[in-house]
Amino acid sequence: MDPVLFLDYCGVAVFAAAGALAASRKQMDIIGFLFLAGATGVGGGTFRDLIMGVPVFWMVNHDYVLIWTATAILVFFTAHRVESRYKLLLWLDALGLAAFAVMGAAKGLSVTGSPIIAIIMGVLTATFGGILRDLLAGEPSVLLRPEVYITAAVGGASVYTLGELAGMPLLFCQLGGFLVAFVIRGGAIRFGWR
Amino acid sequence: MDPVLFLDYCGVAVFAAAGALAASRKQMDIIGFLFLAGATGVGGGTFRDLIMGVPVFWMVNHDYVLIWTATAILVFFTAHRVESRYKLLLWLDALGLAAFAVMGAAKGLSVTGSPIIAIIMGVLTATFGGILRDLLAGEPSVLLRPEVYITAAVGGASVYTLGELAGMPLLFCQLGGFLVAFVIRGGAIRFGWR
Amino acid sequence: MDPVLFLDYCGVAVFAAAGALAASRKQMDIIGFLFLAGATGVGGGTFRDLIMGVPVFWMVNHDYVLIWTATAILVFFTAHRVESRYKLLLWLDALGLAAFAVMGAAKGLSVTGSPIIAIIMGVLTATFGGILRDLLAGEPSVLLRPEVYITAAVGGASVYTLGELAGMPLLFCQLGGFLVAFVIRGGAIRFGWR
């Protein structure tokens, strides 16, 4: 399987899980889980594709729908066992943020060829799902928390984009971008980096 | 007149009325009525069309603009006579939800041919207008009320889609989908179904 | 330089500055400034272009990205010197509202040829950036303030559109629309017009 597609599937799954956890915190029913999992899982990429004027990715490849559906159902039956759902939500959000910062930048660069647009698309893809989730679930926006959030997406998207422009191996750029974004955001969650 | 188009016009009118009632509750001026009526009336369908990559329906057929404008003006001059504007808003919202669950699924199925996407488009069309209205009007989101909401849209969109796939007469599918969605949501409003 | 393009650049700059001031009020970091400046500066026009089905303007002309970036950085280093950031934000918002009401109507009219759609596009372009800014920054929505807001956009967009339809000189229509919108909104801010 294409490693980029795999990373994208993982991003949708962890963001969908974060959305489902938000539904769990709001004591929604299974349909609420599916709704928030979908909005969080594919919201950022949908927005990215609309702005770039390309077909929305999950309308082309329906596997994404299965991924968010399966994730929502799984979380529905297991979320009550989790000790701190908000903490888990934040960590899943961090994983999704890192995956999508890279994916969004990669798609932005391949579609437009512009590094500036690539970084913006990475940031947009990485952050919009979480913003939408908090908005729909009535949670305080992750954007307004004191610790760094968007910065992690900027870091990951920039590392990927600059790496690809410099002609580095793709897998290296992807891994580098992912790790930079995840370490920055993880440090923010774990150590309160601002 | 095409019954599907008629149902769509009715959906826009009742959602526009619900939006105008939200404007009335916030004591907005006539322009505020027009704005919220438009956003609520065509917000869901706009989002659906953007995601499917087809021209936005009210940009193609300007009658929709007249419908939401006329509705907003009508509500502006009569809303003060209504005893409980929020209750009326909820019932209009239920009518619009049922009409749009069917309409959205029908358009989704005819454009993409995929039953899964059809149901998602029905749900999106049916719920997004109300979500947008509450967001713009600063009302507590209808999504977060304890009674079922999205479930009604899923029910209506599924009945329509499965009916059409099974080769049932179109009018039958439309009526069936509408009634299922309206009864579920109506039961939620009237009897507090969760 | 084309006066219409100049007006558009100014609109993006003042809206970006208003977004950056909102970031400043929330004590965000430089990345937060860039994010809110971008969302506010180009959010309305992005939405307008998506609905009309034309390429998003800042994806075609990257100068807009430079404008919002430079504005955000400038505000980041100077905002603390401003006595009342919220008052300045409101006045910048009024300038942007007036510029975008004209720009949005002009683009709407040239793309669709319909005066009704032109006015709607003017209103949408003028108001959506501010709505998005308040939503993302967690500020009380400018839409729900008691003084007139959308009305100013309607006034400016209508004057421009009717003027162009009447065959008046373009610069005259632009100036007229801008002034009508700015005077209405300015009166609302200064004298509390409702």
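This text goes with the structure placed above it.
Described in the following lines is the structure provided in the data block.

Rules and cut-offs
- Residues numbered from 1 in each chain as written.
- Chains lettered and ligands numbered in written order.
- Predicted model: local features only at pLDDT ≥ 70, side-chain atom pairs only at ≥ 80, totals over all residues.
- Heavy atoms only, no water.
- Contact = heavy atoms within 4.5 Å.
- Buried area = accessible area lost by both parts, 1.4 Å probe.
- Salt bridge = Lys/Arg side-chain N within 4 Å of Asp/Glu carboxyl O.
- Helix = DSSP H or I, 4+ residues; strand = E, 2+ residues; numbered from the N terminus.
- Expected span 1.5 Å × (residues − 1).
- Buried < 20%, exposed > 50% of the residue type's maximum accessible area, 1.4 Å probe, protein only.
- Arc of directions from axis to C-beta.
- Polar contact = N/O pair within 3.5 Å; in protein donor to acceptor, adjacent residues only side chain to side chain.
- Nonpolar A, V, L, I, M, F, W, Y, C, P; charged D, E, K, R; others polar.

The extent of an interface is frequently quoted as the accessible surface area lost upon association of the parts. Each partner contributes to the interface: chain B provides 18 residues, whereas chain C provides 19 residues. Buried area between chain B and chain C, summed over both chains or domains, comes out near 1500 Å², and the portion from carbon and sulfur atoms is 86%. Contact with chain C buries surface across chain B, with Ile-31, Phe-35 and Met-59 of chain B losing the most and accounting together for 35% of the total. Remark: the boundary between chain B and chain C carries zero salt bridges. Going through the elements one at a time, helix H2 (30-52), helix H3 (57-60), helix H4 (63-78) and helix H6 (115-137) of chain B are the ones with two or more residues in the side of chain B that touches chain C. Sorting elements by how many residues they give to the side of chain B that touches chain C places H2 of chain B first, with five residues.

This paragraph deals with H4 of chain B. When the terminal C-alpha atoms of H4 of chain B are compared, their 23 Å separation across 16 residues agrees well with the 22 Å that a helix rising 1.5 Å per residue should span. By the burial criterion, the buried members of H4 of chain B are Tyr-64, Val-65, Ile-67, Trp-68, Thr-71, Ala-72 and Val-75 of chain B. Axial view of H4 of chain B: buried residues confined to an arc of 160°, hence all on one face. Away from its buried face by more than 90 degrees, H4 of chain B exposes Leu-66, Leu-74 and Phe-77 of chain B. Structurally, H4 of chain B contributes buried residues whose contacts are with helix H1 (3-25), H2 and H3 of chain B together with helix H6 (115-137) of chain C.

This next bit is on the interface of chain B and chain A. With 19 residues of chain B at the interface, the matching set in chain A holds 18 residues. With both chains or domains summed, chain B and chain A bury close to 1500 Å², and 87% of this area falls on carbon and sulfur atoms. Applying the counting criterion to the chain B and chain A interface returns zero salt bridges. Here chain B is connected to chain A by one residue pair in polar contact (both at pLDDT 80 or more). Every element with two or more residues in the side of chain B that touches chain A is listed here: H2, H6 and helix H7 (150-165) of chain B. In terms of residue count, the dominant contributor to the side of chain B that touches chain A is H6 of chain B (eight residues). Looking at side-chain class alone, the side of chain B that touches chain A contains 15 nonpolar, four polar and no charged residues.

Coordinates in, geometry out; function isn't part of it.
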